[in-house]
Amino acid sequence: MKGLRRTWLLLSLVVVAAIAFSPLIANAQSQASSSYPNRPIRLVVGFAPGGSNDILARVLAEKLHKVLGQPVIVENKPGAGGATAASFVKSQEPDGYTLMVGASGAMVVGPAVSAQTPYDTKRDFEPISILATFPLVLVVSADAPFKSLPDFIEWTKNNSSSANYASASPTFTLAFELLKLKTGATLQRVSYRGTNDAVVAVLSKQVTAAMTDTLPAMPLIQDGKLRALAVTASARLPQLPNVPTTAEAGVAGAEAIFWTGLFAPKGTPKDITARLEAEVHKVMQEDEVRQRLRTVATEAASSTSPEFAARIASELQSWSAIAKSANVQLDQ
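The rules behind each value
Residues numbered from 1 in each chain as written. Predicted model: local features only at pLDDT ≥ 70, side-chain atom pairs only at ≥ 80, totals over all residues. Heavy atoms only, no water. Pairing = 2+ DSSP bridges. Helix = DSSP H or I, 4+ residues; strand = E, 2+ residues; numbered from the N terminus. Buried < 20%, exposed > 50% of the residue type's maximum accessible area, 1.4 Å probe, protein only. Contact = heavy atoms within 4.5 Å. Axes fitted to C-alpha atoms, helices over the stretch in contact; angles between N-to-C directions. Arc of directions from axis to C-beta. Salt bridge = Lys/Arg side-chain N within 4 Å of Asp/Glu carboxyl O. Phe/Tyr/Trp six-rings, centres within 6.5 Å; stacked < 30°, edge-to-face > 60°.

**Points about the sheet that holds strand β10 (residues 258–265)**
Right, so step 1: Spatially, six strands are ordered β2-β1-β3-β10-β4-β11 in an open sheet, and the strand pairing comes out mixed. The open sheet has two edge strands with one neighbour each: β2 (72–76) and β11 (299–300).
Right, so step 2: The pairing of strand β3 (residues 98–103) with β10 spans four bridges and is antiparallel. Of the residues in β10, the one forming a bridge with Val101 is Leu262.

**Regarding the side chain of Gln70**
Right, so step 1: Mapping Gln70 onto the fold places it in the loop between α2 (52–68) and β2.
Right, so step 2: A relative accessible area of 17% places Gln70 in the buried class.
Right, so step 3: What Gln70 contacts, discounting residues up to four positions off in sequence, is Pro37, Asn38, Arg39, Pro40 and His65.

**Re the sheet that holds strand β7 (residues 188–191)**
Right, so step 1: Pairing in this open sheet of five strands is mixed, and the strands run β7-β6-β8-β5-β9 from one edge to the other. With partners counted over all chains shown, the strands left at the sheet margins are β7 and β9 (226–231), one partner each. Between one strand and the next, the sheet's axes are offset by a mean angle of 30 degrees, whatever the strand orientation.
Right, so step 2: Of the pairings in the sheet, the one linking strand β6 (residues 164–167) to β7 comprises four bridges and is parallel in character. Along β7, the bridge assignment pairs Ser167 with Ser191.
Right, so step 3: This element, helix α7 (residues 170–183), spans β5 (137–141), β6, β7 and β8 (209–212) of the sheet and lies at about 120 degrees to β8.

**With respect to helix α6 (residues 149–158)**
Right, so step 1: For α6, the complete set of buried residues consists of Leu149, Phe152, Ile153 and Thr156. Looking straight down α6, one finds its buried side chains confined to an arc of 100 degrees; they lie on one side.
Right, so step 2: Elements in contact with the buried residues of α6: β5, α7, β8 and β9.

**Comments concerning unusual backbone geometry**
Right, so step 1: Cis geometry marks the peptide bond from Tyr36 to Pro37, where omega comes out at -10 degrees.
Right, so step 2: Within the secondary structure, Pro37 sits in the loop between α1 (2–34) and β1 (41–45).
Right, so step 3: Not every positive phi belongs to a glycine, and Ala80 is a case in point at roughly 55 degrees.
Right, so step 4: Considering the arrangement of structural elements, one finds Ala80 in the loop between β2 and α3 (83–90).
Right, so step 5: Phi at Ala297 is positive, roughly 55 degrees, even though this residue is not glycine.
Right, so step 6: Its place among the elements puts Ala297 in the loop between α11 (287–294) and β11.

**Here's the deal with the pattern of salt bridges**
Right, so step 1: Applying the stated criterion to the full structure yields 18 salt bridges.
Right, so step 2: Of the charged contacts in the structure, one is a salt bridge between Arg292 and Glu288, with a shortest N-O distance of 3.4 Å. With a gap of four residues between them, Arg292 and Glu288 both fall in helix α11, about one helical turn apart.
Right, so step 3: For Arg292, a relative accessible area of 31% gives the class partly exposed.
Right, so step 4: Linking Arg311 and Glu315 is a salt bridge whose minimum nitrogen-to-oxygen distance equals 2.8 Å. Of this pair, Arg311 and Glu315 are both found in helix α12 (residues 305–325), four residues apart, which corresponds to roughly one turn of the helix.
Right, so step 5: Note on Arg311: relative accessible area 25%, which makes it partly exposed.
Right, so step 6: A network of salt bridges, in which partner residues are shared, links Glu62, Lys63, Glu286, Glu288 and Arg292.

**As for the pairing of β10**
Two faces belong to every sheet, and in a regular strand the side chains alternate between them.
Right, so step 1: The buried fraction of β10 amounts to eight of the eight residues, a majority that puts the element mostly inside the structure.
Right, so step 2: For strand β4 (residues 125–134) and β10, the ladder comprises eight bridges, and the chain directions are antiparallel. When the sheet's bridge partners are listed, Phe125 is paired in β10 with Pro265.

**Notes on the packing of aromatic side chains**
Right, so step 1: Tallied over the full model, the rule gives eleven aromatic pairs.
Right, so step 2: Centroid distance Phe125 to Phe263: 6.0 Å. Interplanar angle 75 degrees. Geometry classified as edge-to-face. Taken together, the residues Phe125 in strand β4 and Phe263 in strand β10 connect sequence positions 138 residues apart. Across the pair, Phe263 and Phe125 agree in class, each one buried.
Right, so step 3: For the ring pair Phe134 and Phe258, a centre distance of 6.3 Å and an interplane angle of 35 degrees mean the geometry is tilted. You can see Phe134 sitting in strand β4 and its partner Phe258 sitting in strand β10, a full 124 residues away along the chain.
Right, so step 4: The buried category is assigned to Phe134, whose relative accessible area is 14%.
Right, so step 5: By the ring-pair criterion, three or more aromatic residues cluster together here, those being Tyr119, Phe125, Trp259, Phe263 and Phe308.

Purely geometric numbers; function is a separate question.
Shown next as structure tokens:
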């Protein structure tokens, strides 16, 4: 009986101590948030220098440095289509000093096609704001026997044993598989390490076609070395005014708009994420930022954190449904 009383006494003391110290802990967290930031911020990007996500990260870092008064240092952690960076960031201290520029490929498309994804986008991250959106472009070699998307689709049906497409990540795979579902086109996927490799594979005729972001393909399209058959946007791109959208080319429902957004580790204080959200909104509205991103066929954007979270939840569901319909399951 004495042992039981002693146990209850110790439990009571623990509860009292927790109640007593909780205001102190909350106050310490509040003070830390109110002084944010008081040291450099690390901005992790899951791709190598020079790509569109890296360019976006550096534009954002430059602007946030000015408004936050602390250096924002871009740290490239390429690998697994952005999953390497996401795995790293989710394990960092949720204090606002490690942020991530995360692309939809790693955050919604990858989890839709791989049960091996080492993180849960909704559980492990605080979505702060969308930063930019971009479509893909379907390219073939300049001397390919088809000059339009309908011709290409028909050709694949008559040449199913040799028709194939290059893919450097789950993003490109699911976008192409969506096109196949909508048209009945028959092509086999061939994996490549990066988008530049995929574009070179089309250029050298190792593969029939590729869907890619516009940055690596646009110079080759403009030089007449690649032919662009369609873009997955809802409207034509100013940079490629003669290239129709998939809908204009006769394929309804194949539109695919991808995004890049700003994330923090789960548990980052709300006042910190709210401040970052507000600053990002201002930055992405700047004409200079919009013009710089348009040079790589990317549209600056912003959102509230709840809007971004809702989009993530919706796209996790929709891309999972597409992956299931196309019977696509990839290991990252």
